[in-house]
Amino acid sequence: MKTTRFSKFLGRCSTALPWAIAILGYVFLVGPIAIIVAASFSGGQEITFPPEHLSFELYRAFFSDPSWWQPALQSLAVALLTSILALAVTLPAAYALNRCRFGGLKAVELFFISPMLIPVISLGLGVYIFFSSVRIDNTTLGLVMTHSTLVMPFMFISISAGMRHTDPALEAVSTLMGAGPFRTFFQVLVPQIKTSILVGLLFAFLISFDEVVVAYFITGPETTTLPVRMYSALRWEVSPVLTAISSMLTIASLVFCLAILALKESNPKAHN
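- Under an unreviewed UniProt entry, the name given to the chain is Inner membrane ABC transporter permease protein YdcV, and the source organism is Achromobacter veterisilvae.
- Entered under Sequence similarities (unreviewed entry) in the UniProt record, the comment concerning the chain runs "Belongs to the binding-protein-dependent transport system permease family."

Encoded structure:
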């Protein structure tokens, strides 16, 4: 009898233990974010938790201070241009590498995603030395080119996953019916991988907007992005406005992640 009760007890523990570990893990990860969001409504001159009263003063301070919202606009512009440039390069590259067959195919694919394998600090130093020699450091062009290099591997993986589930026969039929290569590409192929393209664009935008390490090397007073401005503020001052910015970025990142999940669910075969 005692053995039976002890066995049931062990069975309950084995069932409850994974749930308890998962809950503790989520609390550990989400807890600091919840504290930052709550502190952003304190409205005081210092970061306080819990807030004594609810206020949107820190959010108003962000939108009324050019030293904060101008870097935010710079980050938005760089992220948009980066997404467009990365798509213009990655989409035809993914198409070519998925339709062609040659001896060094795997090596070329590995080369295309190699920026993922290089330590970011090393890449930042190399980009700084090169851009300084050609005088494009501290420029939006330099930022867009660098961020495009960083996000292309993620976009390439997303688009290539969609390409593997397309039907080449449809392109052959389109060509036989008299359609040119550009019309076949944009009217036959692109509609089949539009979900993968949108997922890649969302990834590219989010990664570019949040990037700080490489941008810290090559930005200057005129091209400072929001993550670099936040990092500098953490080094030289601990402004409570940072809690409001962090809260807005957290919400924006959550929205982007939900959008990516929704796109994947709408076309699961393209991501298997």
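More follows now that the structure is in view.
**Examining the nonpolar core**
Here comes step 1: Of all hydrophobic cores here, the largest spans 20 residues; its most connected members are Leu87, Leu91, Met155, Ile159, Ile193 and Ile197.
Here comes step 2: Contributions of two or more residues to this core are made by α3 (66–99), α4 (105–112), α6 (140–163), α8 (181–189) and α9 (194–210).
Here comes step 3: Membership of the second largest hydrophobic core comes to 19 residues, among which are Tyr59, Leu206, Phe209 and Leu226.

**Things to note about unusual backbone geometry**
Here comes step 1: At Arg135, a position not held by glycine, the phi torsion is positive, near 60 degrees.
Here comes step 2: In this fold, Arg135 is placed in the loop between α5 (120–133) and α6.

**Overview of the environment of Val214**
Here comes step 1: Looking at the secondary structure, you find Val214 in helix α10 (residues 213–218).
Here comes step 2: C-alpha separation for the pair Val214 and Tyr128, spaced 86 residues apart in sequence, amounts to 8.3 Å.
Here comes step 3: Setting aside residues no more than four positions away along its own chain, Val214 makes contact with Val120, Gly124, Thr146 and Leu150.

**Concerning the UniProt feature "transmembrane region" (unreviewed entry) in the chain**
Here comes step 1: According to UniProt, the positions carrying the feature "transmembrane region" (unreviewed entry) are residues 21–41, 76–98, 110–131, 143–161 and 238–263.
Here comes step 2: The straight-line gap between the two end C-alpha atoms of residues 21–41 is 31 Å; of that span, 90% is helix and 0% is strand.

**Observations concerning the pattern of salt bridges**
Here comes step 1: If you walk through the whole model with that rule in mind, you get one salt bridge.
Here comes step 2: With a shortest N-O distance of 3.1 Å, Arg60 and Glu57 are connected by a salt bridge. A residue pair is termed a helical-turn pair when its members lie 3 or 4 positions apart in one helix, as Arg60 and Glu57 do in helix α2 (residues 57–64) at three residues.

Parameters at a glance
Residues numbered from 1 in each chain as written. Predicted model: local features only at pLDDT ≥ 70, side-chain atom pairs only at ≥ 80, totals over all residues. Heavy atoms only, no water. UniProt positions renumbered as here; feature names shortened; annotations may be inferred. Core = buried A, V, L, I, M, F, W, Y, C linked by side-chain atoms within 4.5 Å. Buried < 20%, exposed > 50% of the residue type's maximum accessible area, 1.4 Å probe, protein only. Helix = DSSP H or I, 4+ residues; strand = E, 2+ residues; numbered from the N terminus. Contact = heavy atoms within 4.5 Å. Salt bridge = Lys/Arg side-chain N within 4 Å of Asp/Glu carboxyl O.

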